[in-house]
Amino acid sequence: SSTSYYERYHPLEDIYHWINKTSREYSERLQVILIGSSVEKQPLFVLKLSGKGHQPKKAIWMDCGIHAREWISPAFCMWFVQYSVMFYNQHSDITEILDKMDIYVLPVMNPDGYKYSWIENRMWRKNRSRNVDNACVGTDLNRNFDANWCTKGSSDNPCDETYCGRFPESEPEAAAVSNFIRSRKDLVKLYLSIHSYSQMLIFPYSCSYQEVPNHQELYEIAREAAMKIKIHYKNNYKFGAGAKSFYLAPGGSDDWAYNLGIDYSFTFELQDNGRYGFLLPPSHISKACSEALTAVKSIALSVIKKR
Ligand SMILES: NCCCCC[C@@H](C[SeH])C(=O)O
Ligand SMILES: [Zn+2]
Ligand SMILES: [Zn+2]
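Conventions adopted
- Here the residue numbers are simple positions, counted from 1 along each chain's written sequence.
- A letter from A marks each chain and a number from 1 marks each ligand, given out in the order of writing.
- Per-residue local features of the predicted model are confined to residues with pLDDT of at least 70, and side-chain atom pairs are confined, for both listing and counting, to 80 or more; whole-chain, interface and lining totals are unaffected and use all residues.
- Excluded from the side-chain calculation are hydrogens and water; included are all heavy atoms of the structure.
- Paired strands, as defined in this entry, are two strands with at least two bridges between them according to DSSP.
- Secondary structure elements are taken from DSSP: a helix is a run of H or I of four residues or more, a strand is a run of E of two residues or more, and numbering for both begins at the N terminus.
- As a rule, the C-alpha atoms of each element are fitted with a line to give its axis, helices using only the stretch in contact, and angles between N-to-C directions run from 0 to 180 degrees.
- Any two residues having at least one pair of non-hydrogen atoms within 4.5 Å are treated as being in contact.
- When a residue's accessible area, from a 1.4 Å probe over protein chains only, is under 20% of the maximum for its type it is buried; when over 50% it is exposed; and in between it is partly exposed.
- Whether a residue is near a molecule or strand is decided by its heavy atoms; if any one of them lies within 4 Å of it, the residue is near.
- Within 3.5 Å is the distance limit for a polar contact, defined as a pair of N or O atoms, with the added protein rule that one can donate a hydrogen and the other accept it, and that residues adjacent in sequence qualify only through two side-chain atoms.
- The Shrake-Rupley method, run with a 1.4 Å probe, gives the accessible areas here. Residue values count only the displayed protein chains as cover.
- Amino acid classes used here: Ala, Val, Leu, Ile, Met, Phe, Trp, Tyr, Cys and Pro are nonpolar; Asp, Glu, Lys and Arg are charged; the rest, including Gly, are polar.
- Counted as coordinating are nitrogen, oxygen and sulfur atoms within 2.8 Å of the metal, or 3.2 Å for Na, K and Ca, while water is not included, which may make sites look incomplete.
- Here a site with four donors is tetrahedral if all angles are between 85 and 135 degrees, and a site with four or six donors is square planar or octahedral if opposite donors are over 155 degrees apart and the other angles are between 65 and 115; anything else gets the irregular label.
- We define the nonpolar core as a collection of buried residues of types Ala, Val, Leu, Ile, Met, Phe, Trp, Tyr and Cys that are connected through side-chain atoms lying within 4.5 Å of one another.

## Things to note about the sheet that holds strand 4 (residues 101-106)
A sheet is described by the order of its strands in space; here 8 strands give the open sequence 1-2-4-3-5-8-6-7, paired in mixed fashion. Edge strands, defined here as strands with exactly one partner in the open sheet, are strand 1 (30-37) and strand 7 (238-241). Ignoring strand direction, the axes of neighbouring strands in this sheet form an average angle of 20°. Where strand 1 meets strand 2 (residues 43-49), 7 bridges bridge the pair, whose relative direction is antiparallel. Bridge pairing in strand 2 links Leu30 to Leu49. This element, helix 1 (residues 12-25), spans strand 1 and strand 2 of the sheet and lies at about 30° to strand 2. Along the sheet, helix 2 (residues 72-87) makes contact with strand 1, strand 2, strand 3 (58-63), strand 4, strand 5 (188-196) and strand 8 (264-270), crossing strand 4 at roughly 145°.

As structure tokens, then:
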């Protein structure tokens, strides 16, 4: 049987073609925004998803592909956009969400690394920035944001997988995202960063063991989403504050967004639990994305009800 386009992984050029084609096909729902470019000058395109009525609404941010080898992440952003344009005005949940909030989707935040993981090294994680005084390549974009930058849980060694970069937002990819979010900080109410693997719904802080003021609220929102995944897909997702329930990880986009004032900020670790890890087979894309979709809708609706 021919598997659908959305049940396959796609190389970088394919994804750029998809962005172009889908935004033209659904021009009522989608607008392409160029927010910057990568180290190797690949464009960073954000797809702005909006329902009817073009007055500026509150917004949700979703980034995918910050880490090159986590191929299920860009696959989910594509799956999510396709689901949204197909079922807006048909399924009540996505219709309610889009009638109340715009959604900014960045399908590939680390295009250089993603391309490199297709061509050279399937297990690549970082971006592809060069260091003048060191042969090692790449900064971990999820350690490059200004949240307890370069403290314990990251490394100042350019050869390490969690290298924090030369300074906060030193990387063009991280700077593009933080500049865009800062410019819309009064509109963005929910921040989502999509990763793999471990099946977890993580909320701040990962950069310290300190508990955030609305910890209980974030815990309940995450628990509700994990419960829905359990009910609908019989799969277990853990949830909790990052540092305590996962590991100490400073310089992350989610913690930075939270400290900017975005009170609802989550990092998703999608499938699986370690059997295939980053090499999740295409046959698992559908279920992994359905589970992530359930979580996104649950969390978005929880945030909307908080208004
Ligand atoms: N912002 C830190 C959220 C928790 C860690 C997430 C994982 C994703 Se691969 C990491 O960046 O190590
Ligand atoms: Zn990751
Ligand atoms: Zn991960």
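## Here we look at the pairing of strand 2
On any regular strand, side chains alternate: one points to one face of the sheet, the next to the other face. For strand 2, the buried fraction is high: 5 of the 7 residues fall into the buried class. Hairpin connection of strand 1 to strand 2: 5 residues between the antiparallel strands, including Lys41 at a positive phi of 65°. Two strands pair when backbone bridges link them, and strand 2 and strand 4 are joined in this way by 3 bridges, in the antiparallel orientation. Its bridge partner being in strand 4, Leu49 is matched across the sheet by Ile103.

## Regarding the site of ligand 1
The immediate surroundings of ligand 1 are formed by 15 residues, with Arg125, Asn142, Arg143, Tyr247 and Asp254 found nearest. Between ligand 1 and the protein, one listed contact pairs an oxygen atom with a side-chain N or O atom of Tyr247 at 2.6 Å. Protein coverage of the free-state accessible area of ligand 1, which is 370 Å², stands at 98%. Counting residues per element, the ones that place at least two in the shell around ligand 1 are strand 5 and strand 8. Considering only residue class, the shell around ligand 1 consists of 3 nonpolar, 7 polar and 5 charged.

## Let's talk about the coordination of the zinc ion (ligand 3)
Binding of the zinc ion (ligand 3) to the protein goes through Ser196 (O), Glu269 (OE) and Glu269 (OE), at separations of 2.2 to 2.5 Å. In this structure, the zinc ion (ligand 3) lies 3.7 Å from the zinc ion (ligand 2). One end of the pair, Ser196, is in strand 5; the other, Glu269, is in strand 8, and 73 residues separate them in sequence. Ser196 sits in the buried class, given a relative accessible area of 3%. Residue classification places Glu269 among the buried residues on the basis of a relative accessible area of 8%.

## Brief notes about helix 4 (residues 111-119)
Every buried residue belonging to helix 4 is among Pro111, Asp112, Gly113, Tyr114 and Ser117, and all of these are buried. For helix 4, the elements touching its buried residues are helix 1, strand 2, helix 2 and helix 5 (172-183).

## Description of the coordination of the zinc ion (ligand 2)
Within the protein, the zinc ion (ligand 2) binds to His67 (ND1), Glu70 (OE), Glu70 (OE) and His195 (ND1); these donor distances fall in the range 2.0 to 2.3 Å. Considering all 4 donor atoms around the zinc ion (ligand 2), the spread of angles at the metal, 57 to 147°, places the coordination shape in the irregular class. In primary-sequence terms, the residues that donate to the zinc ion (ligand 2) follow H-x2-E-x124-H. Judged by its relative accessible area of 2%, His67 falls in the buried class. Taking relative accessible area as the criterion, His195 reaches 3% and is therefore assigned buried.

## Observations concerning the nonpolar core
Within soluble globular proteins, side chains that are nonpolar generally end up buried alongside one another. Core analysis: the biggest nonpolar cluster contains 90 residues, and Ile35, Trp61, Phe76, Phe80, Phe266 and Phe268 have the highest contact counts within it. With 12 residues, the top contributor of residues to this core is helix 9 (residues 285-305). In contact with Phe268, not counting residues within four places along its chain, are Leu192, Ser193, Ile194, His195, Met200, Leu201, Ala292, Ala295, Val296 and Ile299.

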